[in-house]
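# Summary of structural features
As a plain string of letters, each chain reads:
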Amino acid sequence: MALFEYAPAPESRAVVDIAPAYGLFIDGAFREAGSGTTFKTLSPATEEVLSEVAYADAADVDAAVRAARAAFPAWAALPGAERAKYLFRIARILQERSRELAVLETLDNGKPIRETRDADLPLVAAHFFYYAGWADKLNHAGYGPDPRPLGVAAQVIPWNFPLLMLAWKIAPALATGNAVVLKPAETTPLSALFFADVCRQAGLPGGVVNIVTGDGATGAELVAHPDVDKVAFTGSTAVGKEIARTVAGTRKKLTLELGGKGANIVFDDAPLDQAVEGIVNGIFFNQGQVCCAGSRLLVQESVRDELLDALKRRLATLRVGDPLDKNTDVGAINSAEQLARITELAEAGEAEGAERWSPPCELPPDGYWFAPTLFTNVTQAHRIAREEIFGPVLSVLTFRTPDEAVAKANNTPYGLSAGVWTEKGSRILRMANELRAGIVWANTFNKFDPASPFGGYKESGYGREGGRHGLEAYLNV
Amino acid sequence: MSEPRLSVLKTYKLYVGGRFPRSESGRVYEVTDGERNWLANAPLASRKDARDAVAAARKGFGGWSGATAYNRGQVLYRVAEMLQGRREQFAAEVAAGEGLSKAASRAQVDAAVDRWVWYAGWSDKVAQVAGGANPVAGPFFNLSTPEPTGVVAVLAPQESSLLGLVSVLAPVLATGNTAVVAASERAPLPALSLAEVLATSDVPGGVVNILSGRTAELARPLAAHQDVNAIDLAGAAGEAELARELESAAADNLKRVVRPPDSAGAGWTADPGTDRLLAFVETKTVWHPVGA
């Protein structure tokens, strides 16, 4: 099928003004790192340096925690209705600045503007709006008559949804009366630093939100800090386990949202065209750099060929390229390091005997790119069926019976997401019951909402973010 | 005048997979009362016994978690009935093991029975309290429900050999988990007798497995076991270093951990609330489009 010719339709960069350098946001003001060290943040689509950012070491982390500790009593003592108004202000300012922040996020992360504009930013604002409303209703949330905040929350977030993960962390923490120190990912620090400016515009008291930029060592200092009461982490399962060991034996409350190897199960009676859209959304949304991605396609044997033909036709129409172009479906991989990891696992897939296929597509010369990729003849023993690839790579397996589908889907140490495609209602409900995953999308995939709890079973972590359930992580219950 | 009659003593055994084996190690240890008088030889379970118990608990999980909540509630209520019938026996074991007066130990047993009843009633209510519909901004049906975490290792409280045990075991069962229990090390007899109650209460084999022995020796393989999903460290209260070590080992497969209370003397008579009930559930959220 021939691709339509599209004229370039780039979103304007003029809407965002990136400073040449940013400091750490501590106690309501930007300051340089104590050591004066900085690091560069790149646009993964072009490898252009976007800005230089302060590198926080142990002393800077300590300053941020002390600022949060100092701000905590007054913030916690505010009437819930007043805290709510700050959060409502933040939500509104995020809506007002959403185009600017969407472009910024696309530049720093490499994901398509269509996604930052239509998914990330609306969800960010919605998350603050949702939790704002909880701040003065905590007594009715089912956590006892007078649930109290924990104190200082240390929050470490990943690079795949930088501002959305910030919202998932900061909104419930502030609504419940905690002060926070947040560390954005090393490769995507900018939207968190812009969020600091949103806090300034909202008049948020200094020290309630502190942003420390750096790498894994900065994050390790933060979660190990003795004056932290709460640790929340989203990222890899390996780092999550390390953090769980760090907080062992302390009174720190811990929530972890980690990796996944989601099964997307297609039965022979499924609406195949819709299923194809769901499969594409499940694994190519955000270049597959999604913890809840549907990275294992389990298709019933009788419709395997029909489904794969339709899927390949659809993949041939995906537009890979400039993330700022409004027609782009698949953008850049976030970093050279991540690209190397995806490349290594895809090569392992071939080496172990799976069959690799990609649509014909031209990748830009600069930046980090990986073509949408599909593996067939995959067995459960293959690394590409067991390990989280975190990239646009789909492993296809087959099954004959619902029992086999359940067994294969659950045959993983992870348990974050799963998908089911069938027209039969009773089968959907049975599968939903038997799949050991925190989110089951039936005849849909990759849907998110601030009112809907998100989080995993088993080694995908513990605790929930979103909804009433998301409050518990930040209350002394 | 009848001749003085020699009473028949009980051989205390482990409870694994619905059966009453001795420890595979062949070991026992002496259980005494407050005055160091011999009460019984309890099995000194080994790490192999712990692994067998985990395998049995895993085998029991599908059936128990798949049973209707009403059915689980009825089975747990039956446990309370059986416990009530053995009130005097448990009172004597608690009195001897914990050095309590007759009246105090009876009060402990009564509270334990009442606690089983409280948790039995929770089995078909917790989903409505902890789950519900979520009003998402789109044409989707969206429902969250609590589901059992899986196999839970339970270190029973050391000081409260029956009421404490019931307080940590019953909530695990009410939500559909299966359990491997390390009984109070010093006073294991009520726990081992509770196994007889469970075995005659329609609790399927493998749903509860009870081990006696050295808590630390059993806790280490349980905390490190890759097929255990969660661990309650109540029995490590007052042993900060052991608790830290166990929590750290539990991180290896990201077990859900309930930390011990700050002091071992924490009582079990207060209203337990829903904390332990909700500690070993996973919230599952299901989405489905709404449309024609």
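Per an unreviewed UniProt entry, the recorded name for chain B is Aldehyde dehydrogenase, and the organism is Streptomyces boncukensis.

Going by what an unreviewed UniProt entry lists, chain A is known as Aldehyde dehydrogenase family protein and is assigned to Streptomyces boncukensis. UniProt, in the comment section headed Sequence similarities (unreviewed entry), describes chain A in these words: "Belongs to the aldehyde dehydrogenase family."

### Overview of the overall build of chain A
When you go through chain A residue by residue, the secondary structure sums to 14 helices and 18 strands. Radius of gyration (C-alpha) of chain A: 22 Å, near the 23 Å computed for a compact globule of 477 residues. Principal-axis analysis of the C-alpha atoms places the extent of chain A at approximately 65 × 50 × 35 Å. By residue count, 59% of the 477 residues in chain A fall in the buried class. Restricting the contact set of chain A to residue pairs at least 6 apart, pairs at least 24 apart contribute 73%.

### Digging into the UniProt feature "domain: Aldehyde dehydrogenase" (unreviewed entry) in chain A
The positions that UniProt labels "domain: Aldehyde dehydrogenase" (unreviewed entry) are, in the present scheme, residues 33–477 of chain A. Between the end C-alpha atoms of residues 33–477 of chain A there is a gap of 36 Å, over a span that is 41% helix and 15% strand.

### Considerations on the sheet that holds strand S1 (residues 21–22) of chain A
Residues and elements named next belong to chain A. If you walk across this open sheet you meet the three strands as S1-S5-S4, and the pairing is mixed. The open sheet has two edge strands with one neighbour each: S1 and strand S4 (38–42). In this structure, S1 lies alongside strand S5 (residues 49–54), joined through two bridges in parallel fashion. In the sheet register, Tyr 22 faces S5, and the bridge partner there is Val 53.

### Quick look at the pairing of strand S6 (residues 152–156) of chain A
Residues and elements named next belong to chain A. Along S6, five of the five residues are buried, which leaves the element largely enclosed by surrounding structure. Covered by surrounding structure in S6 are Val 152, Ala 154 and Val 156 together with Ala 153 and Gln 155, the residues of both alternating faces. Here S6 pairs with strand S7 (residues 179–183) via five bridges, running parallel. By the bridge assignment, Val 152 is partnered in S7 with Ala 179. As a crossover connection, the stretch from S6 through helix H5 (residues 162–175) into S7 is right-handed. Alignment of S6 against strand S9 (residues 230–234), held across four bridges, turns out to be parallel. Bridge pairing links Val 156 to Phe 233 in S9.

### Thoughts on the packing of helix H1 (residues 47–66) of chain B against helix H8 (residues 215–224) of chain B
Residue and element names in this part refer to chain B. Running from N to C, H1 and H8 cross one another at 45 degrees; their axes reach a closest spacing of 9 Å. Our classification of the angle between H1 and H8 gives oblique. For the crossing formed where H1 meets H8, the hand is right-handed. Of H8, the residues touching H1 (which contributes Arg 47, Ala 50 and Arg 51) are Glu 217, Leu 218, Pro 221 and Leu 222. Along the lines of polarity and charge, the residues of the contact of H1 with H8 split into four nonpolar, no polar and three charged.

### Points about the domain arrangement of chain A
Residue and element names in this part refer to chain A. What the domain assignment lists for chain A is domain 1 (18–258 + 457–474) and domain 2 (263–442). One C-alpha centre belongs to domain 1, the other to domain 2, and the line joining them spans 30 Å. Opposite the 21 residues of domain 1 that make contact, domain 2 presents 26 residues. Every element with two or more residues in the side of domain 1 that touches domain 2 is listed here: helix H3 (98–109) and helix H4 (113–134). Of the residues assigned to the side of domain 1 that touches domain 2, the class counts are seven nonpolar, seven polar and seven charged.

### Remarks on helix H13 (residues 402–410) of chain A
Residues and elements named next belong to chain A. Residues Ala 405, Val 406 and Ala 409 constitute the buried set of H13. End-on, the buried residues of H13 take up no more than an arc of 95 degrees, which puts them together on one face. Check the buried side of H13 and you find it contacts strand S11 (263–266), strand S12 (296–300), strand S15 (393–399), strand S16 (417–421) and helix H14 (425–434).

### Here we look at the sheet that holds strand S5 (residues 151–155) of chain B
Residues and elements named next belong to chain B. Read from one edge to the other, the open sheet built from five strands follows the order S7-S6-S5-S8-S9, with strand pairing classed as parallel. At either end of the open sheet lies a strand with only one pairing partner, and these are strand S7 (208–211) and strand S9 (256–258). Strand-to-strand, the axes of this sheet are offset by a mean angle of 15 degrees, without reference to chain direction. For strand S6 (residues 178–182) and S7, the ladder comprises four bridges, and the chain directions are parallel. From the neighbouring strand, Val 180 faces S7, where its bridge partner is Asn 209.

### Observations concerning the UniProt feature "domain: Aldehyde dehydrogenase" (unreviewed entry) in chain B
UniProt's entry tags residues 34–258 of chain B with the feature "domain: Aldehyde dehydrogenase" (unreviewed entry), counted in the numbering of this structure. Structurally, residues 34–258 of chain B comprises 53% helix and 16% strand, and the distance from its first C-alpha atom to its last is 30 Å.

### Considerations on the interface of chain A and chain B
Put simply, an interface is often sized by how much accessible area is lost when its parts join up. Across the contact, 31 residues belong to chain A and 26 residues belong to chain B. Sorting the residues of the side of chain A that touches chain B by element identifies helix H8 (237–247), H14, strand S17 (439–442) and strand S18 (461–462) of chain A as the ones contributing at least two each. Grouping the amino acids of the side of chain A that touches chain B by side-chain chemistry returns 14 nonpolar, ten polar and seven charged.

### Examining helix H2 (residues 80–96) of chain A
In an α-helix, one full turn covers 3.6 residues, which means residues spaced three or four apart are oriented alike. Residue and element names in this part refer to chain A. Spanning 17 residues, H2 covers 24 Å between terminal C-alpha atoms, matching the ideal 24 Å at 1.5 Å per step. When H2 is considered as a whole, its buried residues turn out to be Arg 83, Ala 84, Tyr 86, Leu 87, Ile 90, Ala 91 and Leu 94. Across the axial projection of H2, the buried residues extend over an arc of 160 degrees, all falling on one side. Across H2 from its buried face, at more than 90 degrees, point the exposed residues Ala 81 and Glu 82.

### Looking at the environment of Phe 454 of chain A
Residue and element names in this part refer to chain A. Here Phe 454 shows up in the loop between S17 and S18. Look at Phe 454 and you get buried, because 24 C-beta atoms sit within 10 Å. In this structure, the C-alpha to C-alpha distance between Phe 454 and Val 231, residues 223 residues apart in sequence, is 17 Å. Not counting residues within four places of it along the chain, the set of residues in contact with Phe 454 comprises Gly 438, Ile 439, Phe 448, Arg 464, Glu 465 and Gly 466.

### Describing the environment of Ala 243 of chain B
With respect to the helices, strands and loops of the structure, Ala 243 of chain B is situated in helix H9 (residues 240–250). As for Ala 243 of chain B and Ala 182 of chain B, which are separated by 61 residues in sequence, their C-alpha atoms are 14 Å apart. Sequence-distant contacts of Ala 243 of chain B, that is, excluding residues within four places in its chain, are made with Gly 249 of chain A together with Leu 233, Ala 236, Arg 259 and Pro 260 of chain B.

Calculation criteria
- Residues numbered from 1 in each chain as written.
- Chains lettered and ligands numbered in written order.
- Predicted model: local features only at pLDDT ≥ 70, side-chain atom pairs only at ≥ 80, totals over all residues.
- UniProt positions renumbered as here; feature names shortened; annotations may be inferred.
- Helix = DSSP H or I, 4+ residues; strand = E, 2+ residues; numbered from the N terminus.
- Rg over C-alpha atoms; globule rule 2.2 N^0.38 Å.
- Buried ≥ 20, exposed ≤ 12 C-beta atoms within 10 Å, placed from the backbone.
- Contact = placed C-beta atoms within 7 Å.
- Pairing = 2+ DSSP bridges.
- Right-handed = clockwise from strand over helix to strand, strands pointing away.
- Axes fitted to C-alpha atoms, helices over the stretch in contact; angles between N-to-C directions.
- Parallel < 35°, antiparallel > 145°, perpendicular 65-115°, else oblique.
- Left-handed = near helix turned anticlockwise from the far one by under 90°.
- Nonpolar A, V, L, I, M, F, W, Y, C, P; charged D, E, K, R; others polar.
- Domains from an automatic or database assignment.
- Arc of directions from axis to C-beta.
- Expected span 1.5 Å × (residues − 1).

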